[in-house]
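# Summary of structural features
Residue-level listing of the chains:
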Amino acid sequence: MDIRTGNGYDVHALAEGLPLWLGGVRIESEIGCIAHSDGDVAIHALCDALLGALALGDIGKHFPDTSDEFKGIDSKILLRRTMELVGNHGYRLGNADITIAMQRPKLAPYIIRMRETLAGVMGVPVTAVSVKATTTEKLGFVGRSEGCEVFATVLLFSNE
Ligand code: MG
């Protein structure tokens, strides 16, 4: 059996009055991500980790933000399509671990729903998906709420 690991990283700028989607869940917030898609920066980092594990490039290559097809798209669709690619290459997800760095709002109340939502889209048990949230102690662009930053790591197993 072959195993592969991948990491993903994404940042989106934040602005007042935009919807905030993270981990496939709508978060109550006065600020949201500026984006071509729904701006779900957590799913974007996760997709990049999945693609990276199989050296398939990145999310921008597969779902270009210059394409009208992906304008305002629900990022869960991008995750589903990424998982189809993973499956077509003969791999399945072992586990995923995601860290969201955001100063506000508090994300703790949403963590379990994000895990359940992502696990549902990827067709894995919720125990295979970890979501963690941290502030940056008001330091840097995250600390000033100018942006949201996400790191994702995945482990894939081959189906043979
Ligand atoms: Mg993105």
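This text goes with the structure placed above it.
Anyway, here's the lowdown on the structure attached to this text. (Residues numbered from 1 in each chain as written. Predicted model: local features only at pLDDT ≥ 70, side-chain atom pairs only at ≥ 80, totals over all residues. Heavy atoms only, no water.)

### Observations concerning the coordination of the magnesium ion
The protein atoms that coordinate the magnesium ion are D10 (OD), H12 (NE2) and H44 (ND1), at distances spanning 2.1 to 2.3 Å. Read in sequence order, the donor residues for the magnesium ion give the motif D-x1-H-x31-H. Taken together, the residues span a long stretch of sequence, with D10 in strand β1 (residues 3–16) and H44 in helix α1 (residues 41–53) at a distance of 34 residues. (Donors = N, O, S within 2.8 Å, 3.2 Å for Na, K, Ca; no water. Helix = DSSP H or I, 4+ residues; strand = E, 2+ residues; numbered from the N terminus.)

### Describing the nonpolar core
Grouped together as the largest cluster of nonpolar side chains are 50 residues, with contacts concentrated most on L22, L50, L79, I100 and M122. With 10 residues, α1 is the single largest residue contributor to this core. Every residue in contact with L22, bar those within four places of it in the chain, is listed here: I27, D40, V41, A42, I100, M102, L107, M114 and C148. (Core = buried A, V, L, I, M, F, W, Y, C linked by side-chain atoms within 4.5 Å. Buried < 20%, exposed > 50% of the residue type's maximum accessible area, 1.4 Å probe, protein only. Contact = heavy atoms within 4.5 Å.)

### Digging into the pairing of strand β5 (residues 91–101)
Bridging between β5 and strand β7 (residues 147–158) involves 10 bridges; their strand directions are antiparallel. Residue pairing across strands places N95 opposite L155, the latter belonging to β7. Pairing between β5 and strand β6 (residues 129–134): 6 bridges, direction parallel. Bridge pairing links D97 to S130 in β6. (Pairing = 2+ DSSP bridges.)

### Considerations on the layout of surface pockets
Counted as a void, the largest pocket has a volume near 210 Å³. Taken together, 13 residues line the largest pocket, and the ones lying closest to its centre are H36, S37, H44, F63 and D65. Contributions of two or more residues to the lining of the largest pocket are made by β1 and α2 (59–62). Its residues assigned to classes, the lining of the largest pocket shows 6 nonpolar, 5 polar and 2 charged. (1 Å grid on protein atoms, 1.4 Å probe; cavity = no way out; pocket = protein on both sides within 12 Å on 5 of 7 lines; lining within 4 Å. Points joined across faces, edges and corners; volume = space filled by probe spheres on them. Nonpolar A, V, L, I, M, F, W, Y, C, P; charged D, E, K, R; others polar.)

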